[in-house]
Amino acid sequence: AQRPSLGEDAALLAIARGDEPWLAAEAFAALARRGSASARELAAQWIGDGELWRRRAAAATAPLLPAEAAAAIERRAAGDPEPAVRLAWLEALDGGSAASRSEALRALLGRDGDAAVRARAVELLQSAGALRDPEAALELYRSWKGDAMADARGAALVAALALSPEAQRQAVVELAAADP
């Protein structure tokens, strides 16, 4: 949902520099939506901060930043040790913005240990049209059979089902039904 960008930059910056996480993150996001140079500076600081909420806010706001600043923040977010930071970045993307990030999303599929992060990456790749082969989706599913959580496997099966021709869909449904 879109939130209005209200207030002066200086007032928003003062709130963003405060210690109340939700309020600071919202002020930061408002600065980013405005295209404020302060948002770029804060994002660069926050993505390396020891506080998880600041790194999450920087990651979630990265797609709102100018391309060069966004790319730097997104690289750091994609490599953050906390899944919540990676997921915050992925949740801020949509199919349109994911298309230009397909290489980074594919990298997450192969290396990320968090099932929710991989699931969101699959969804984004599919919605961007960068995952077109049902066999590739099924291969992802098979590679994640050992996951305790079914998030990524489920996303891979949904992608395989959507990408499969009518004649092959029943086989995907049967595979899904047999999944624990």
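Above this text sits the structure in question.
Draft legend 1. Representation of the overall build of the chain in the model. For the chain, the helix and strand inventory stands at twelve helices and zero strands. Taken from N to C terminus, the helices and strands of the chain fall in the order α-α-α-α-α-α-α-α-α-α-α-α. Taken over 180 residues, the chain has a buried fraction of 41%. Once local pairs closer than 6 in sequence are excluded, the contacts in the chain between residues at least 24 apart make up 55%. Here the chain has roughly 9,300 Å² of accessible surface; of this, 54% comes from carbon and sulfur atoms. Here the chain holds 21 positive side-chain charges and 26 negative ones, and the gap between their average locations is 2 Å.

Draft legend 2. Examining the side chain of Ser 36 more closely. Its location among the elements puts Ser 36 in the loop between helix H2 (21–34) and helix H3 (37–46). Side-chain polar atoms of Ser 36 contact the backbone nitrogen of Ser 38, separated by 3.1 Å. With residues up to four places along the chain from it excluded, the contact list for Ser 36 reads Asp 9 and Leu 31.

Draft legend 3. The arrangement of helix H9 (residues 115–127) in detail. The end-to-end C-alpha separation of H9 is 18 Å, in line with the 18 Å expected for 13 residues at 1.5 Å each. Within the sequence span of H9, burial applies to Ala 115, Val 117, Arg 118, Ala 119, Arg 120, Ala 121, Val 122, Leu 124 and Leu 125. Structurally, H9 contributes buried residues whose contacts are with helix H6 (83–91), helix H7 (95–98), helix H8 (102–111), helix H10 (134–143) and helix H11 (151–163). Positive backbone phi, approximately 80°, marks Gly 129, located one or two places after H9.

Draft legend 4. Just the nonpolar core, in detail. Residues Phe 28, Trp 46, Trp 89, Leu 90, Leu 105 and Val 122 are the most contacted members of the largest nonpolar core, which totals 54 residues. For this core, the element with the highest residue contribution is H9, accounting for seven residues. Setting aside its immediate chain neighbours within four residues, Val 122 contacts Leu 109, Leu 131, Leu 140, Trp 144, Ala 155, Ala 156 and Ala 159.

Draft legend 5. How the structure looks around the pattern of salt bridges. Throughout the structure, instances matching the rule amount to 14 salt bridges. Note that Arg 34 and Asp 9 form a salt bridge whose closest N and O atoms lie 2.7 Å from each other. With Arg 34 in helix H2 and Asp 9 in helix H1 (residues 9–16), the pair connects residues that are 25 residues apart, well separated along the chain. A residue is classified by how much of its surface remains accessible, and Arg 34, at 33% relative accessible area, is partly exposed. Given a relative accessible area of 31%, Asp 9 falls into the partly exposed group. Each of Asp 19, Asp 49 and Arg 54 takes part in a single network of salt bridges with overlapping partners.

Draft legend 6. Broad picture of H8. Burial in H8 covers these residues: Leu 105, Leu 108 and Leu 109. All buried residues of H8 fall inside an arc of 105° around its axis, so they share one side. Opposite the buried face of H8, by more than 90 degrees, sit the exposed residues Glu 103, Gly 110 and Arg 111. Where the residues of H8 are buried, they touch helix H5 (67–78), H6, H7, H9 and H10.

Draft legend 7. Just a nonpolar patch on the surface, in detail. Taken together, the side chains of Ile 15, Trp 22 and Leu 23 make up a nonpolar region of the molecular surface, amounting to roughly 310 Å² of accessible area. Judged by relative accessible area, which is 35%, Ile 15 ranks as partly exposed.

Thresholds applied
Residues numbered from 1 in each chain as written. Predicted model: local features only at pLDDT ≥ 70, side-chain atom pairs only at ≥ 80, totals over all residues. Heavy atoms only, no water. Helix = DSSP H or I, 4+ residues; strand = E, 2+ residues; numbered from the N terminus. Buried < 20%, exposed > 50% of the residue type's maximum accessible area, 1.4 Å probe, protein only. Contact = heavy atoms within 4.5 Å. Areas by Shrake-Rupley, 256 points an atom, 1.4 Å probe, with all protein chains shown as cover. Lys, Arg positive; Asp, Glu negative; His and termini not counted. Charge placed at Lys NZ, Arg CZ, Asp CG, Glu CD. Polar contact = N/O pair within 3.5 Å; in protein donor to acceptor, adjacent residues only side chain to side chain. Expected span 1.5 Å × (residues − 1). Core = buried A, V, L, I, M, F, W, Y, C linked by side-chain atoms within 4.5 Å. Salt bridge = Lys/Arg side-chain N within 4 Å of Asp/Glu carboxyl O. Arc of directions from axis to C-beta. Patch = residues over 30% accessible without salt bridge, like charges linked within 9 Å, V, L, I, M, F, W, Y side chains within 5 Å.

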